[in-house]
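# Overview (structure and organization)
The lines below spell out each chain.
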Amino acid sequence: DIRSERSVEWGVRQVLRRAGRVDVLVNNAGIFYPALLETLTIADVEEVFDTNVFGQLRMNGAVLPAMRARGEGLVVQITSGTGRLALPFQGAYNGAKWAMEAMSQISRYELSQSGVDVVIVEPGPYPTDLIDNARVYYRDYLRGLTRADAQRREEYGELATRVERELQEEGPDPQEVAEAIARLIATPAGQRPVRTLVGEQISQLLGDYNASHDQLQEVLVDEDLRGVRP
């Protein structure tokens, strides 16, 4: 349970005891609560951040010491194309993914001299359990709205009902994401790109954006902190 520091530490200890090492950590766990941001409770937003942001920090904190001690390892941060965009009805999810994007790139800089690579994978929309679970949340969300929040929602009019569009099942095969991760694992250390877009639609949308971002980062960050080995 990545929401529990004790559970994370116990799980990683078991892996290290049995296997002796962790070569790759893939931080993929996430939840999506689709709703108007004004009607989300603080508890809802905290749950999203506890899983999507703090969960990966707990995992990294448990795994990185052993990787750094060995001088090698790979952390794959599964964010989202929406970690670079702002979309209605995805306030908590977008906010968490934006935070994860920033923390991931910062970790890449900070670990660049240790032999440990940190990379970011940004998938587009894929029909996975994330969406199935979001439908369950949305159903319960509608049933559990307080009178005040139901009134808030009604005041948004037809806009509020467009949340359902975020829960469509259509999309490409999520196997594409797994294959992208496998390619990154197979790429030699120090040669892995900071970001990998997965999906034709999101690649078209964000390819130039990411390239411009990388150019700006090169201006802001010293060359020896961009993943170049000493």
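What this report covers is the structure whose coordinates are included nearby.

Rules used throughout
Residues numbered from 1 in each chain as written. Predicted model: local features only at pLDDT ≥ 70, side-chain atom pairs only at ≥ 80, totals over all residues. Heavy atoms only, no water. Helix = DSSP H or I, 4+ residues; strand = E, 2+ residues; numbered from the N terminus. Rg over C-alpha atoms; globule rule 2.2 N^0.38 Å. Buried < 20%, exposed > 50% of the residue type's maximum accessible area, 1.4 Å probe, protein only. Contact = heavy atoms within 4.5 Å. Areas by Shrake-Rupley, 256 points an atom, 1.4 Å probe, with all protein chains shown as cover. Phe/Tyr/Trp six-rings, centres within 6.5 Å; stacked < 30°, edge-to-face > 60°. Pairing = 2+ DSSP bridges. Axes fitted to C-alpha atoms, helices over the stretch in contact; angles between N-to-C directions. Core = buried A, V, L, I, M, F, W, Y, C linked by side-chain atoms within 4.5 Å. Right-handed = clockwise from strand over helix to strand, strands pointing away.

Right, let's get into the overall build of the protein. Along the backbone of the protein there are seven helices and four strands. Listing every helix and strand of the protein by position from the N terminus yields α-β-α-β-α-β-α-α-α-β-α. For 230 residues, the compact-globule formula gives about 17 Å, and the C-alpha radius of gyration of the protein, at 19 Å, lands near that figure. Principal-axis analysis of the C-alpha atoms gives the protein an extent of 60 × 40 × 35 Å. When each of the 230 residues of the protein is scored for burial, the buried share is 40%. Long-range contacts, defined here as pairs at least 24 residues apart, represent 75% of the contacts in the protein between residues at least 6 apart. Counting only carbon and sulfur atoms, one obtains 52% of the accessible surface of the protein, whose full area is about 12,800 Å².

Considering all chains together, one arrives at four aromatic pairs under this definition. Measuring from ring centre to ring centre gives 5.1 Å for Phe-32 and Tyr-93, while their planes differ by 50°; the resulting arrangement is tilted. In this pair, Phe-32 is assigned in the loop between strand 1 (24–27) and helix 2 (42–70) and Tyr-93 in helix 3 (residues 91–111), connecting sequence segments 61 residues apart. Residue classification places Tyr-93 among the buried residues on the basis of a relative accessible area of 9%. Arranged with centres 3.9 Å apart and planes meeting at 5°, the rings of Tyr-33 and Tyr-137 form a pair that is stacked.

Attention now goes to the sheet that holds strand 3 (residues 116–123). Pairing is parallel in the open sheet, where four strands are placed in the order 1-2-3-4. Of all strands in the sheet, those with a lone pairing partner are strand 1 and strand 4 (195–198), marking the two edges. Sheet twist, expressed as the average angle between the axes of neighbouring strands with direction ignored, equals 20°. Judged from the four bridges that link them, strand 1 and strand 2 (residues 73–78) form a sheet pairing that is parallel. Across the sheet, residue Val-26 finds its bridge partner in strand 2, namely Val-76. Contacting strand 1, strand 2, strand 3 and strand 4, helix 3 runs over the sheet at an angle of about 155° to strand 3.

Moving on to the nonpolar core. Generally speaking, soluble globular proteins have nonpolar side chains that are buried together. Judged by nonpolar contacts, the single largest core of 19 residues is most densely connected at Phe-32, Leu-40 and Tyr-137. For this core, the element with the most residues is helix 4 (residues 129–144), which contributes five residues. Excluding residues within four positions of it along the chain, Tyr-137 makes contact with Tyr-33, Pro-34, Ala-35, Leu-40 and Asp-44. In this structure, Val-8, Val-12, Met-59 and Leu-111 belong to the second largest nonpolar core, which totals 13 residues.

Another aspect to go through is the pairing of strand 2. Most of strand 2 is tucked away: six of the six residues are buried. Neither face of strand 2 is exposed, since Gly-73, Val-75 and Gln-77 on one face and Leu-74, Val-76 and Ile-78 on the opposite face are all buried. In this region the chain leaves strand 1, passes through helix 2 and returns to the parallel neighbour strand 2; the handedness of that crossover is right-handed. Sheet analysis places strand 2 next to strand 3, joined by six bridges and oriented parallel. Looking at strand 3, one finds that Val-75 is bridged to Val-118. Note that the unit made of strand 2, helix 3 and strand 3 has a crossover that is right-handed.

Moving on: unusual backbone geometry. Even without glycine at this site, Phe-89 takes up a positive phi of about 75°. Here Phe-89 lies in the loop between strand 2 and helix 3.

Any functional reading would require information beyond the geometric quantities listed.
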